[in-house]
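Each chain, written out:
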Protein chains: 2
Amino acid sequence: MNTLSYGLLSLLTRNSRTGYELTQNIQPFWQAKHSQIYPLLAQLEQKGYVEFVHVPQSDKPDKKVYSLTDNGREALQQWIAQPTDEPVVRDELALKVFCIGLVNKEQALKVLHEREVYYQKKKEKFAQSFERIKQDSVKPLEELEIHDPLFGLYVLIQKATLKIDADLVWCEWMKTKLK
Amino acid sequence: MNTLSYGLLSLLTRNSRTGYELTQNIQPFWQAKHSQIYPLLAQLEQKGYVEFVHVPQSDKPDKKVYSLTDNGREALQQWIAQPTDEPVVRDELALKVFCIGLVNKEQALKVLHEREVYYQKKKEKFAQSFERIKQDSVKPLEELEIHDPLFGLYVLIQKATLKIDADLVWCEWMKTKLK
DNA sequence: TAGATCATGTAAGCCGTTACATGATTAG
DNA sequence: CTAATCATGTAACGGCTTACATGATCTA
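Residues numbered from 1 in each chain as written. Chains lettered and ligands numbered in written order. Predicted model: local features only at pLDDT ≥ 70, side-chain atom pairs only at ≥ 80, totals over all residues. Heavy atoms only, no water.

1. Considerations on the protein's contact with DNA strand D
Near DNA strand D you find 23 residues, and of these Tyr 20 and Lys 64 of chain A together with Ser 35, Gln 36 and Pro 61 of chain B are the closest. Among the atoms of DNA strand D lying within 4 Å of the protein, the sugar-phosphate backbone contributes 59%. Residue Lys 64 of chain A places a side-chain N or O atom 2.4 Å away from a phosphate oxygen belonging to DNA strand D. In this structure, Gln 36 of chain B approaches DNA strand D through a side-chain N or O atom, which is 2.6 Å from a phosphate oxygen. For the surface near DNA strand D, the residue count by class is six nonpolar, 10 polar and seven charged. (Near = heavy atom within 4 Å. Polar contact = N/O pair within 3.5 Å; in protein donor to acceptor, adjacent residues only side chain to side chain. Nonpolar A, V, L, I, M, F, W, Y, C, P; charged D, E, K, R; others polar.)

2. Re the protein's contact with DNA strand C
In the vicinity of DNA strand C lie 23 residues, with Ser 35, Gln 36 and Pro 61 of chain A together with Tyr 20 and Lys 64 of chain B positioned nearest. Considering DNA strand C, the proportion of its atoms within 4 Å of the protein that are sugar or phosphate atoms stands at 61%. Between His 34 of chain B and DNA strand C, the recorded distance is 2.8 Å, taken from a side-chain N or O atom to a base oxygen. Every element with two or more residues in the surface near DNA strand C is listed here: helix H3 (34-46) of chain A together with helix H2 (19-26), helix H3 (34-46) and strand S3 (63-68) of chain B. Taken together, the residues of the surface near DNA strand C break down into six nonpolar, 10 polar and seven charged. (Helix = DSSP H or I, 4+ residues; strand = E, 2+ residues; numbered from the N terminus.)

3. Focus on the pairing of strand S3 (residues 63-68) of chain A
Residue and element names in this part refer to chain A. Judged from the two bridges that link them, strand S1 (residues 17-18) and S3 form a sheet pairing that is antiparallel. Opposite Thr 18, over in S3, you have Val 65 as the bridge partner. Taken together, the six bridges between strand S2 (residues 50-55) and S3 define a ladder with antiparallel strand orientation. Bridge assignment links Glu 51 to a residue of S3, and that residue is Ser 67. (Pairing = 2+ DSSP bridges.)

4. A short note on the side chain of Asp 148 of chain A
Residues and elements named next belong to chain A. Looking at where Asp 148 falls in the secondary structure, it is placed in the loop between helix H6 (105-136) and helix H7 (151-177). Among the polar contacts listed, one links the side chain of Asp 148 to the side chain of Lys 139, at a separation of 3.1 Å. Asp 148 has contacts with Lys 139 and Glu 143, leaving out every residue within four places of it along the chain. (Contact = heavy atoms within 4.5 Å.)

5. Some remarks on the domain arrangement of chain A
Examined at the domain level, chain A breaks down into domain 1 (3-81) and domain 2 (92-177). Once you take the C-alpha centre of each, domain 1 of chain A and domain 2 of chain A turn out to be 27 Å apart. (Domains from an automatic or database assignment.)

6. Things to note about the packing of aromatic side chains
Applying the stated criterion to the full structure yields 12 aromatic pairs over all chains. With 5.7 Å between their ring centres and 55° between their planes, Phe 98 of chain A and Phe 29 of chain B make a pair best called tilted. Highlighted residues: Phe 98 of chain A in helix H5 (residues 92-98) and Phe 29 of chain B in the loop between H2 and H3, drawn from two different chains. Each member of the pair, Phe 98 of chain A as well as Phe 29 of chain B, is classed as buried. Here Tyr 154 of chain A and Trp 173 of chain B contribute two aromatic rings whose centre-to-centre distance is 5.7 Å and whose plane-to-plane angle is 70°, an arrangement assigned as edge-to-face. In this pair, Tyr 154 of chain A sits in helix H7 while Trp 173 of chain B sits in helix H7 (residues 151-177), so the two residues belong to two different chains. For Trp 173 of chain B, a relative accessible area of 23% puts it in the partly exposed group. By way of ring pairs, the aromatic residues Phe 130 and Tyr 154 of chain A together with Trp 173 of chain B are connected into one cluster. Directly above the aromatic system of Phe 98 of chain B lies the positively charged group of Arg 14 of chain A, at a separation of 4.5 Å from the ring centroid. Positioned above the aromatic ring of Phe 52 of chain A is the side chain of Lys 64 of chain A, whose terminal nitrogen or guanidinium carbon lies 4.7 Å from the ring centre. (Phe/Tyr/Trp six-rings, centres within 6.5 Å; stacked < 30°, edge-to-face > 60°. Buried < 20%, exposed > 50% of the residue type's maximum accessible area, 1.4 Å probe, protein only. Lys NZ or Arg CZ within 6 Å of the ring centre and 35° of its normal.)

Right, dumping it as structure tokens:
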């Protein structure tokens, strides 16, 4: 059981989902392609952590809708109690910035600007997710508590927003340095 | 040429370094083990981007001190001008938080506390790096400009500090949510 | 005397990306 | 008419981790 497998189980605590949906939904938390997810789902099914129903469709391809079993839920609870791996961050930009003195200010600003645009788009996406769960929630988000179904997603969006704001502050600060 | 290879060249713009030192020095920016680095250095040498001198030592094992060639410096400049890959972040904690409602508040706080301690230690390390380059620098750090040798490292420490502070703010906020 | 540090290297295996493969519907 | 979306799967390859291998000095 690798970390991604637990991630798939985590998503299934909220809803039943297809492999296709899981591939999309896990992206904000863990980058993975469908070619990695489908074999893992087959393994999880063999272990009895998930089960699926085959749903034939006429207009679109047939699909398998996966849901979490009781065994799967127990495995998740045990996983949460285990020590958590340290986060892994690999950012090509950091390596470029380290030796940014090799190029002139104009080129450096170009590199930075590309990343700033990326951060702004990401911020926009998080804002949209925030609006979406605001609509879905029965209570105001600030009142959500640990056992409310949207709690985890809500606090993760907060985390992501805080970090992206830090990134944008740094971008602004860098622009003053490169003028 | 993968990203890590360029990262090794980046470090060599500042100093000549051994494979052992490169392995340690690249950790804050790109996690990689020596078993990955040594073969890459051999490749970089074959491509003519780095060269090394064999330095025999009596008390410690002999070492190879690598330095950047003119070809290597040119390769770096071209790399900087290419579009930058998006950052990859894989954090097991995010997956756990998504389904944190499966456990009680006490257990959730334990998971969070473990991570908070990790963030605090990281913050301490960045503060030390900051002090070190403050000592090494001929000018006050705020006056460093793009072509100063410590500029890249200085702005990277600023970036890391801003992000870690965001992480710590989130941890504090989460504690209020779980009380 | 056990473990950390310095120092380099190879081998096996898992993790993740890219590419191959199929095929219907819908939007621009 | 082309591209995107839905939907699942396999194969090949490159990236990264763990383990194997060696060996001296220094610290607790």
